[in-house]
Structures are given as C-alpha cells and as structure tokens.
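Survey of secondary and tertiary structure
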There are 2 protein chains.
Amino acid sequence: MTENNNNTKNRILETAEALFAQKGYHAVSVREITMAAKCNMAAVNYHFNSKKNLYMEVFRTQWVPRELRMYESFSKELSKIEPHSPNLVIQALASAYLEGPLTNEELKRHRQLIIREINNPTEVIEYVADHTMRPLYRILQQHLKPFFPEHSNEESFTLDILSIFGILLYFNYSRPMITHITGEKYDNAFKTRLITHLVRFSLNGLGANGKDMQ
Amino acid sequence: MTENNNNTKNRILETAEALFAQKGYHAVSVREITMAAKCNMAAVNYHFNSKKNLYMEVFRTQWVPRELRMYESFSKELSKIEPHSPNLVIQALASAYLEGPLTNEELKRHRQLIIREINNPTEVIEYVADHTMRPLYRILQQHLKPFFPEHSNEESFTLDILSIFGILLYFNYSRPMITHITGEKYDNAFKTRLITHLVRFSLNGLGANGKDMQ
DNA sequence: GTCTATAGCAGGATAGAC
DNA sequence: GTCTATCCTGCTATAGAC
C-alpha cells in the first residue's frame, strides 16, 4: 500500500465519513459512497471486506486520530499555563475542542458521528471510549479536581465533567436551535459568543464563581 | 375508526416508535415493525400510506402529546409555587422532565427519538419545535428572565436555556458513560443523584449562586 | 489494485381476495 | 380492516477479467 493520501482507500474513508456523519450508517449505501469517491463499488470490499468494517475503520483511522489532535492541542495549552485556575483550564478546553485544529465543517461531522454512536452504540464505542473519552476525563480530573475538594465523591465530579461534554456536543446545533426557538436570525461572530457562553456556564456550573477568576 | 387503544393502528404506532427510537428510521424495516406489532405488512400502507409517513405520525400522535404531558406537569408545578425563585423553577423543570409522568423506559425512547431528529433533521422538526420547544422556552424565559437582568441580550439567555436542554438530553447516557469512563459500577438511586446534580449545575451555570437559594 | 457483471437477498409498496 | 401473494427496486457481496 502506498502512502499516497489521495489513493482509493483514503478517498473512500474520507467520503464514507462525511456521508455516515450526514445521514447515518443505514441511510448510506456502498454505491453512494463509491460514486462520491469516484471509484468502483467493489473497491469497498477489496479494501475493507464489508461496509460494517468500513464504518469501524472510519472511527479507527479518521475519527480517533482527529480527536487525539484536539486532545494534544488541549494538553499543549495546559502545559503552557502556570499556575492553573479552573478558568484557564476550561478556556483551554473550549479553545482546543471548538476552535482548535479543526475547521467548522470537520468539527460538525466529527460531532455528528459521535452523537450517533452515543445514541445508538455499536462495537466501536468501546474503542473510542478507551482511546479518547477516558484520557480526556483523566486529564480534566487531574487539573480541575484540586480546585473542587467539596466534590466529596468521584461520581459528583464525573457528572460535572459529563455535563460540560454534553454542552460541547450540542454546540453544533445551538445556532439552528436558537433560530427555531426564538425565530430570530443571528449574525456572524456567533461562534466566539458561543465559546464565551460555554466557558462562563461551565465554570459557574462547576461552582467556580469568583474562584481564581481573572 | 374505533377509539380502541389496542387496535392495529395504535399497535403499529407504539411498536414503530420503540423500534425507531432504538435503531433509527433506516435500520428498521416495515416487516420488522409489523412482525413485532403482530399484524400484516400491508397494514402499514393501509393506515399510514408509507413508512415515511408512519415515522411522522409517530411524532405527531405519540411524541408531541407525550412531550406536552411533561410540559403540563411542569406548568402545573410552576403555578403552585409562589413566590418563584430560580431554584424552584429549575427544580420543577427537572422534576417534570426527568421524574414526571413518564417511566424511565418511555423517557429513554423519547430522548433517543429527538436526539436523532436534532442530529439529522427531517420535516417533523419544524412541527416539533413549534409545538414543544418554543412553548417551553417561552415559559422558562417568563419565569427565569426577571432574576437575570444581567443577561442584557436575548441570545445570551437563550444559550443558557439551550445548555440546560443539552444536559437534559444527555441525561439518558450519564450512567453508561460514567461506567465507560471511570470503569466503575453504580448502584440505584442514581437518578435522584442525577437530578440533584442537574439542578445544582444548571443553577450555578445560570449564575444563580446564592440567589434566592433555599 | 481496479474494473464489469451478476448472484442472491431484503427492502417498500400494491393488487385483490376475504 | 386485514390478509396473501407478488412486483420491482436497490442493497451487499463476490467471482473473475484485466
């Protein structure tokens, strides 16, 4: 196999990811994927054995590495700030996971795929949890826990972190939902306001009001 | 048409909802639905014209009325408490939408369906937004806004409300995710702790620390 | 490694008996 | 209103030429 980034195998992976994200596994046919990837239908079975396995490879070779790029960007930010404060940690989180290495389009696809998996798990979720969620949870715990000793038990802290993940995941839909609910349109620079909101709401949620704010 | 609650049409609607929630529209076949509903395949087309329309009827006749029952339960709670405080309003919200009129199973299906729609909207989302999200947003705005005049603009307040909705939606998955991430198991009474968490986190998120707490 | 051709099956929908 | 039987399309997967 060549390392060419535009070979058939890679084109299939990228096209498949976009389509799976947009429509979901069952709504996308192998025909549709290979048409869009400008290759033959049989190529999917040659390179991936089955449609199911193509789906899993999308996560293993596309999704997880991309999530890890965001994780790296986050931990690099963390290593730069000293001393830490909840404020700076959450800022770094929002910055890495919302305006970090990914474009808006990439980020949208990325979130859609994982929301589908969470809502309707397949085997990959184990792999994804092991390689991405767990490490992210660990690093957040390590950097935030010291500031919140009032969280006597593990579970209470975990729920806080999961709530922040929940808001992060639904980030994609904030703008359409605002339009749906209030019926108003919004201008650009919306994303920046969204990040400001996320940082404030999450910090408050954690119970960090007035704690090491700057 | 009879008002019998166990006629074929109703059985199809209920079975279809459960299966659509579990697996998603495209992963469920009409054959599967009618098998589970113990009726003939042709019944779907007789009663609903098409699979697509059956899906939409599930939202119109099952999902929206169920969401409205929770809404009614919420607004009834609100009318009982006087004077209001952010604390009591959020308590009433959590109580109506998490331990209200629905069983855990119903609630799970209910959330799964709407998460699918938000992630991958079809035509029904307009109908759903008009009949459920918008009224809920309005009533929350009416009861919470007076306490948060510091939210100068509409958008900032809307983002707060949407963040709470995000956490509510995510509720289903908290327990499996905790197990995935931390690898620990949890006992029952988990739901009660989750509601306590949601109320505290949301209140803090809104910036209500120490504001009319009781 | 990529193609054509096709096997083999499952999907939604409908016609028409009862 | 419910059934059986069937149509036809579109699906995944594979065999085999190049």
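Each value, and the rule that gives it
Residues numbered from 1 in each chain as written. Chains lettered and ligands numbered in written order. Predicted model: local features only at pLDDT ≥ 70, side-chain atom pairs only at ≥ 80, totals over all residues. Heavy atoms only, no water. Helix = DSSP H or I, 4+ residues; strand = E, 2+ residues; numbered from the N terminus. Buried < 20%, exposed > 50% of the residue type's maximum accessible area, 1.4 Å probe, protein only. Areas by Shrake-Rupley, 256 points an atom, 1.4 Å probe, with all protein chains shown as cover. Lys, Arg positive; Asp, Glu negative; His and termini not counted. Charge placed at Lys NZ, Arg CZ, Asp CG, Glu CD. Expected span 1.5 Å × (residues − 1). Bend = angle between axes of the 7 residues up to and from the residue. Salt bridge = Lys/Arg side-chain N within 4 Å of Asp/Glu carboxyl O. Least-squares fit on C-alpha atoms with pLDDT ≥ 70 in both. Contact = heavy atoms within 4.5 Å. Polar contact = N/O pair within 3.5 Å; in protein donor to acceptor, adjacent residues only side chain to side chain. Near = heavy atom within 4 Å. Nonpolar A, V, L, I, M, F, W, Y, C, P; charged D, E, K, R; others polar. Domains from an automatic or database assignment. Buried area = accessible area lost by both parts, 1.4 Å probe. Axes fitted to C-alpha atoms, helices over the stretch in contact; angles between N-to-C directions. Parallel < 35°, antiparallel > 145°, perpendicular 65-115°, else oblique.

Section: the overall build of chain A
Of regular secondary structure, chain A possesses 10 helices and 0 strands. Helices (α) and strands (β) of chain A occur, in sequence order from the N terminus, as α-α-α-α-α-α-α-α-α-α. C-alpha atoms of chain A, sized along the principal axes, occupy 60 × 40 × 30 Å. Looking at chain A as a whole, 55% of its 214 residues qualify as buried. For chain A, the accessible surface area stands at approximately 9600 Å², while carbon and sulfur atoms represent 51% of it. Computed over 25 positive and 23 negative side-chain charges, the inter-centroid distance for chain A is 7 Å.

Brief notes about helix α4 (residues 51-80) of chain B
When the terminal C-alpha atoms of α4 of chain B are compared, their 43 Å separation across 30 residues agrees well with the 44 Å that a helix rising 1.5 Å per residue should span. At Trp-63 of chain B, α4 of chain B shows its largest bend, some 30°, and a proline, Pro-65 of chain B, comes one to four positions later.

Comments concerning the pattern of salt bridges
Evaluated as defined, the whole model comprises 22 salt bridges over all chains. With a closest N to O distance of 2.8 Å, Arg-200 of chain A and Asp-160 of chain B form a salt bridge. Of this pair, Arg-200 of chain A sits in helix α10 (residues 190-206) while Asp-160 of chain B sits in helix α8 (residues 154-170), each in a different chain. The residue Glu-57 of chain B makes a salt bridge to Arg-60 of chain B at a minimum N-O spacing of 3.0 Å. In this pair, Glu-57 of chain B and Arg-60 of chain B are both assigned in helix α4, 3 residues apart and thus about one turn of the helix distant. With relative accessibility at 19%, the residue Glu-57 of chain B sits in the buried group.

Details of the relation of the copies chain A and chain B
Superposition record for chain A on chain B: RMSD 0.1 Å, screw rotation 180°, translation along axis 0.0 Å. Seen this way, the second copy is the image of the first under a two-fold rotation axis. Closest approach to the rotation axis within chain A is made by the C-alpha atom of Gly-205 of chain A, at a distance of 2.0 Å. Interface residue correspondence from chain A to chain B reaches 100%, placing this contact among same-surface, isologous pairings.

So, helix α7 (residues 124-144) of chain A
Taking 1.5 Å per residue, 21 residues should reach 30 Å; α7 of chain A reaches 29 Å between its end C-alpha atoms and fits that length. Along α7 of chain A, the sharpest change in direction is near 40° and occurs at Asp-130 of chain A.

Regarding the environment of Arg-11 of chain B
All names here are of chain B. Inspection of the secondary structure assignment puts Arg-11 in helix α1 (residues 8-23). Residues Arg-11 and Lys-191, 180 residues apart in the sequence, show an inter-C-alpha distance of 30 Å. Ignoring anything within four residues of it in the chain, the contact list for Arg-11 reads Asn-6, Ala-37, Lys-38 and Cys-39. Within the structure, the side chain of Arg-11 is placed 3.2 Å from the backbone oxygen of Asn-6, a separation counted as a polar contact.

Here's the deal with the protein's contact with DNA strand D
Not every one of the 15 residues close to DNA strand D is listed here, only the nearest: Val-30 and Arg-31 of chain A together with Thr-8, Asn-40 and His-47 of chain B. Here the atoms of DNA strand D within 4 Å of the protein split so that 52% fall in sugar or phosphate, with bases taking the remainder. With respect to DNA strand D, the side chain of Ser-29 of chain A contributes an N or O atom lying 3.3 Å from a phosphate oxygen. One of the backbone N or O atoms of Val-30 of chain A is found 2.8 Å from a phosphate oxygen in DNA strand D. Of all the elements in the fold, those that place two or more residues in the surface near DNA strand D are α2 (30-36) and α3 (42-48) of chain A together with α3 (42-48) of chain B. When residues in the surface near DNA strand D are grouped by element, the largest group, 3 residues, is from α3 of chain B. Of the residues assigned to the surface near DNA strand D, the class counts are 7 nonpolar, 6 polar and 2 charged.

Comments concerning the domain arrangement of chain A
How big an interface is tends to be expressed through the accessible area that disappears when the partners come together. All names here are of chain A. Its domain assignment divides chain A into domain 1 (1-49) and domain 2 (58-206). One C-alpha centre belongs to domain 1, the other to domain 2, and the line joining them spans 28 Å. Listed by partner, the interface residues are 10 residues for domain 1 and 9 residues for domain 2. Summing both partners gives a buried area of about 820 Å² for domain 1 against domain 2, and 56% of it is carried by carbon and sulfur. Three residues stand out in domain 1 for area buried against domain 2, namely Leu-13, Glu-17 and Ala-21, and they jointly supply 66% of the buried area on that side. Seen at the junction of domain 1 and domain 2, the total is 1 salt bridge. A salt bridge links Glu-17 to Arg-66; the shortest N-O distance between them is 2.7 Å. Connecting domain 1 to domain 2 are 5 residue pairs in polar contact (both at pLDDT 80 or more).

What about the packing of α7 of chain A against helix α9 (residues 174-182) of chain B?
Where α7 of chain A meets α9 of chain B, the axes come as close as 8 Å, and the angle between the chain directions of the two elements is 80°. With respect to α9 of chain B, the element α7 of chain A is oriented roughly perpendicular. Together, Ile-125, Glu-126, Ala-129, Met-133, Arg-134, Tyr-137 and Arg-138 of chain A of α7 of chain A and Met-177, His-180, Ile-181 and Thr-182 of chain B of α9 of chain B make up the contact between the two elements. Within the contact of α7 of chain A with α9 of chain B, the residues separate by chemical class into 6 nonpolar, 2 polar and 3 charged.

Focus on the interface of chain A and chain B
Listed per partner, the contact involves 54 residues of chain A and 54 residues of chain B. Considering only the surface of chain A that becomes buried against chain B, Asn-119, Glu-155 and Ile-181 of chain A emerge as the three largest contributors, covering 16% of it. One salt bridge in this structure joins Glu-155 of chain B and Arg-193 of chain A, with 2.4 Å as the shortest N-O distance. At the junction of chain A and chain B, the tally comes to 22 residue pairs in polar contact (both at pLDDT 80 or more).

Topic: the protein's contact with DNA strand C
Around DNA strand C, the surrounding shell holds 15 residues, and the nearest of these are Thr-8, Asn-40 and His-47 of chain A together with Val-30 and Met-41 of chain B. Taking the atoms of DNA strand C that fall within 4 Å of the protein, sugar and phosphate contribute 51% of them. Thr-8 of chain A places a polar side-chain atom, nitrogen or oxygen, 2.6 Å from a phosphate oxygen of DNA strand C. With respect to DNA strand C, the backbone of Val-30 of chain B contributes an N or O atom lying 2.8 Å from a phosphate oxygen. Taken together, the elements giving at least two residues each to the surface near DNA strand C come down to α3 of chain A together with α2 (30-36) and α3 of chain B. Looking at which element gives the most residues to the surface near DNA strand C, the answer is α3 of chain A, with 3 residues. Classifying every residue of the surface near DNA strand C by side-chain character gives 7 nonpolar, 6 polar and 2 charged.

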